[in-house]
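# Descriptive analysis of the structure
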Amino acid sequence: PGLPDIRVFLQKLLILLHVTLCVVVGKTLMVLFPSTMKRYILKLGAKSRMNENPKFRYENWGPTFFSFKYLLFVLKVKWKRLEDEAYEGHPAPNTPVVTLDGEVRQLLDFMQDNRPLILNFGSYFSSTADFLIIYIEEAHAIDGWAFKNNVVIKNHRSLEDRKMAAQFLQKNNPLCPVVLDTMENLSSAKYAALPERLYLLQGGKVVYKGGVGPWNYHPQEIRAILEKIKPEMETTSE
């Protein structure tokens, strides 16, 4: 193997050791100090507004933290981030996506001139910008790191599985196009998008790279950027 392969192997090994240690410590603390850990996990949940859903209680998702399936999922997310190629101020990766009609398109095909394009990986958003939802692999599939009282969807084994899962989202009328990541998960990898993430592209470049969800998924940051560039876009269109 070449030097890059060895570097990636060592990075993955370090991530494995770090995540395993964190899970062991977290699980131990949950056993020794259940009330304190519950408050800590609920604080995390507040960042993603999970606590605001009355049908989605702590008992449905909190106890799944630091489980073996939690470990596997966190490892997958962190290893995938090693393939990240999306950086603010740099050209945006032009990865393939698939429409719900089965047509293979390139991500930048959805850009119109110099209009901003908001990419919403994982799960909603207009005169200032265009929006695109890229449906990626499941974060909480029932055969993976599952939550109780959640939508029952298995990990996608085929593009048809992913299309069927995306149709659940379409029923909520997201008001913008929905496309599918390929089964090679190229868009998810190049944009380090798992489990969910927001981007703003303009002129073929990454203008804004949001934090990784759910804890750092902040649509209000996108709104603030659009408010700043709105006058510029209105002047351009005149």
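Bear in mind the structure is a predicted one, so any value in this text is a computation, not a measurement.

Cut-off values and rules
Residues numbered from 1 in each chain as written. Predicted model: local features only at pLDDT ≥ 70, side-chain atom pairs only at ≥ 80, totals over all residues. Heavy atoms only, no water. Helix = DSSP H or I, 4+ residues; strand = E, 2+ residues; numbered from the N terminus. Buried < 20%, exposed > 50% of the residue type's maximum accessible area, 1.4 Å probe, protein only. Areas by Shrake-Rupley, 256 points an atom, 1.4 Å probe, with all protein chains shown as cover. pLDDT = per-residue confidence, 0-100. Pairing = 2+ DSSP bridges. Axes fitted to C-alpha atoms, helices over the stretch in contact; angles between N-to-C directions. Phe/Tyr/Trp six-rings, centres within 6.5 Å; stacked < 30°, edge-to-face > 60°. 1 Å grid on protein atoms, 1.4 Å probe; cavity = no way out; pocket = protein on both sides within 12 Å on 5 of 7 lines; lining within 4 Å. Points joined across faces, edges and corners; volume = space filled by probe spheres on them. Nonpolar A, V, L, I, M, F, W, Y, C, P; charged D, E, K, R; others polar.

Further remarks concern the overall build of the protein. Scanning the protein from terminus to terminus reveals seven helices and seven strands. Listing every helix and strand of the protein by position from the N terminus yields α-α-α-α-β-β-β-β-α-β-α-β-β-α. Residues classed as buried in the protein amount to 43% of the 238 residues present. For the protein, the computed accessible surface area is about 13500 Å², with 58% contributed by carbon and sulfur atoms.

Overall, the prediction assigns the protein a mean pLDDT of 85, with 89% of residues at 70 or greater. Strand β2 (residues 104-106) holds the highest mean pLDDT among the elements of the protein, 94, whereas helix α7 (residues 219-237) holds the lowest, 73.

Strand order across the open sheet formed by seven strands is β2-β1-β5-β4-β3-β6-β7, with mixed pairing between neighbours. Since the sheet does not close on itself, it has two edges, and those belong to β2 and β7 (205-209), each with one partner. Taken over all neighbouring pairs, the strand axes of this sheet differ in orientation by 35° on average, direction set aside. As paired elements, strand β3 (residues 117-121) and strand β4 (residues 130-135) share five bridges and run parallel to each other. Residue pairing across strands places F121 opposite I134, the latter belonging to β4.

The next thing to look at is the packing of aromatic side chains. A complete count under the given rule lists 12 aromatic pairs for this structure. Ring centres of F65 and F66 lie 6.3 Å apart, and the angle between their planes is 70°; on these two criteria the pair is classed as edge-to-face. Take F66: its relative accessible area is 11%, and that puts it in the buried class. Look at F65 and W215: their rings are 6.3 Å apart centre to centre, the planes differ by 35°, and that puts the pair in the tilted class. Note on F65: relative accessible area 5%, which makes it buried.

Before going further, it helps to spend a moment on the pairing of β3. With five of five residues buried, β3 lies mostly within the body of the structure. Here β3 runs beside strand β6 (residues 197-202); their pairing, made up of five bridges, is antiparallel. Residue pairing for β6: N120 is matched across the bridge by L198.

With that settled, the discussion passes to the layout of surface pockets. The calculated volume of the second largest pocket comes to roughly 170 Å³. Residue lining of the second largest pocket: K69, L72, F73, K76, E138, A139, A141, D143, G144, W145 and N155, and that is the complete set. A per-class count over the lining of the second largest pocket returns five nonpolar, two polar and four charged.

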